[in-house]
Amino acid sequence: YRRAAVARGWEDEDAEECLSLMGQEVRELVDAVRTDGESSRATAFEMADVQLYLTHLANITGIDLARAVIEKEHINTRRFGPVVSSEV
């Protein structure tokens, strides 16, 4: 996503700007769920916007988001127990 940010002129955004924009997208997601339903196309697109901003924020801050998710899930497993399911 870093290439997209550069191509679109967003490479100079800082973390606070990104968070503010992501907050707007979260509010749009709430509205989409309320208005169009939780499984709607509009909701899916707003979720995508939130994920893209989160990825952009990780790039801005230099955080390896994939690694952070893995580490956090290890913490969650210790706190709440392993996920046991027959479903994938």
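Model, not experiment: these values are computed from the prediction.

Calculation rules
Residues numbered from 1 in each chain as written. Predicted model: local features only at pLDDT ≥ 70, side-chain atom pairs only at ≥ 80, totals over all residues. Heavy atoms only, no water. Helix = DSSP H or I, 4+ residues; strand = E, 2+ residues; numbered from the N terminus. Expected span 1.5 Å × (residues − 1). Buried < 20%, exposed > 50% of the residue type's maximum accessible area, 1.4 Å probe, protein only. Contact = heavy atoms within 4.5 Å. Axes fitted to C-alpha atoms, helices over the stretch in contact; angles between N-to-C directions. Parallel < 35°, antiparallel > 145°, perpendicular 65-115°, else oblique. Left-handed = near helix turned anticlockwise from the far one by under 90°. Nonpolar A, V, L, I, M, F, W, Y, C, P; charged D, E, K, R; others polar. Core = buried A, V, L, I, M, F, W, Y, C linked by side-chain atoms within 4.5 Å.

A.B. asks: Just checking my understanding: could you explain helix 3 (residues 41-61) for this structure?
C.D. replies: Residue pairs spaced three or four apart in an α-helix point in one direction, given the helix's 3.6 residues per turn. Here helix 3 contains 21 residues, and its C-alpha end-to-end distance of 30 Å stays within 8% of the 30 Å for a straight helix at 1.5 Å per residue. All of the buried residues in helix 3 are Thr43, Glu46, Val50, Tyr53, His56, Leu57 and Ala58. Elements in contact with the buried residues of helix 3: helix 1 (2-7), helix 2 (15-36) and helix 4 (65-80). Backbone geometry just downstream of helix 3 places Gly62 in the positive-phi region, at approximately 75°.

A.B. asks: Quick question: what am I supposed to make of the packing of helix 2 against helix 3 here?
C.D. replies: A pair of packed helices can be characterised by two numbers: the angle between their axes and the separation between those axes. Where helix 2 meets helix 3, the axes come as close as 8 Å, and the angle between the chain directions of the two elements is 165°. With respect to their mutual orientation, helix 2 and helix 3 come out roughly antiparallel. Helix 2 and helix 3 meet at a crossing whose hand is left-handed. Each of Ala15, Cys18, Leu19, Leu21, Met22, Glu25, Val26, Glu28, Leu29, Ala32, Val33 and Asp36 in helix 2 lies in contact with helix 3, whose residues at this interface are Ala42, Thr43, Glu46, Met47, Asp49, Val50, Tyr53, Leu54, His56, Leu57, Ile60 and Thr61. The class makeup of the residues in the contact of helix 2 with helix 3 is 16 nonpolar, three polar and five charged.

A.B. asks: Is there a simple way to explain the nonpolar core in this structure?
C.D. replies: Buried together is how nonpolar side chains tend to be arranged in soluble globular proteins. With six residues, the main nonpolar core is built from Cys18, Met22, Leu29, Val50, Tyr53 and Leu57. Looking at this core, the elements with two or more residues in it are helix 2 and helix 3. In contact with Val50, not counting residues within four places along its chain, are Met22, Glu25, Val26 and Leu29.

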